[in-house]
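# Fold and geometry: a report
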Amino acid sequence: KSTMNGLGKCVNDYVVKTRTDIIFKSDALLAETAKIKPIRGRYKLFQHKVLSTNFYVRDPIKSNILYHPSDILLIGKKDDISLLFNHELATYNDFNRVGAAGGYDNKIVNEQYLLLKTMENVHNIEIPYTTFWEYKGIKKLIQSENLIFKNFSIYTVLQLGLLFPKKLISSDP
């Protein structure tokens, strides 16, 4: 909701969505922004690629988590960033399920919710979150990786000339 409120105030075609504690050390990301290309073909969600950092992009082989881009820093066309965040607010049940011991387990996290809701809206499909997001087969793994790499240009912090706060780096998964 806060991201959509901020985007509503933006007047430029390009926007940066980031945390307030990230420092821009150089203009390196400007050169990369100039290279943003239109997206064509299968797995397309956005009109143009969205630049992102690799920080918190989950490797599904190591983490068993699919459909997890990073939302720490996003740079792109305002319409594309808006598409990623313009969804109804999630409910408690969207993120949690009753676990084996009667407690609650996460069934999805924010970044996955945003990507899957965008996929639902763009491709007019309904996604069952209870079974769809975990790595449970090569078909979903391929779809997840294609969605992320087709729609996001992923860079390291150094490539974009950024400095992340120590508290964020020390929690790097």
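Our structure's up above, just so we're on the same page.
Now for a quick tour of the structure. Throughout, residues of each chain are indexed from 1 in the direction in which the sequence is written. This being a predicted model, a pLDDT of at least 70 is required before a residue's local features are given, and a value of 80 or more before pairs of side-chain atoms are given or counted; all residues contribute to the totals for chains, interfaces and linings. Calculated side-chain values reflect all of the structure's heavy atoms, with hydrogen atoms and water omitted.

The next point concerns the packing of helix α1 (residues 2–9) against helix α4 (residues 78–85). It is at 10 Å that the axes of α1 and α4 come closest, and there the two elements cross at 160°. With respect to α4, the axis of α1 lies roughly antiparallel. The two elements α1 and α4 meet at a crossing, and its hand is left-handed. Note on element contacts: α4 touches α1 through Lys-78, Ile-81, Ser-82 and Phe-85, opposite Thr-3, Met-4, Leu-7 and Gly-8. In terms of residue class, the contact of α1 with α4 is made up of four nonpolar, three polar and one charged. The angle between two axes is taken between their N-to-C directions and runs from 0 to 180 degrees, where each axis is a line fitted to C-alpha atoms and a helix contributes only its stretch in contact. In this text, helices come from DSSP runs of H or I with a minimum length of four residues, and strands from runs of E with a minimum of two, each type numbered from the N-terminal end. Should an angle fall under 35 degrees it is called roughly parallel, over 145 degrees roughly antiparallel, and 65 to 115 degrees roughly perpendicular, with every other angle called oblique. Helix crossings fall into two classes, left-handed where the near helix is turned counterclockwise from the far one by less than a right angle and right-handed where it is turned clockwise. What makes two residues a contact is simply this: any of their non-hydrogen atoms within 4.5 Å. When residue character is reported, Ala, Val, Leu, Ile, Met, Phe, Trp, Tyr, Cys and Pro are called nonpolar, Asp, Glu, Lys and Arg charged, and the others, Gly included, polar.

Before going further, it helps to examine the pairing of strand β1 (residues 14–18). Throughout this description, buried means an accessible area under 20% of the type-specific maximum (1.4 Å probe, protein chains only), exposed means over 50%, and partly exposed covers the range between. With burial as the criterion, only one face of β1 is covered, namely that bearing Val-15 and Lys-17; the residues Tyr-14, Val-16 and Thr-18 on the opposite face remain uncovered. Should DSSP find at least two bridges between two strands, the strands are regarded as paired. Both β1 and strand β4 (residues 73–77) contribute to a ladder of five bridges, which runs antiparallel. Residue pairing for β4: Val-16 is matched across the bridge by Ile-75.

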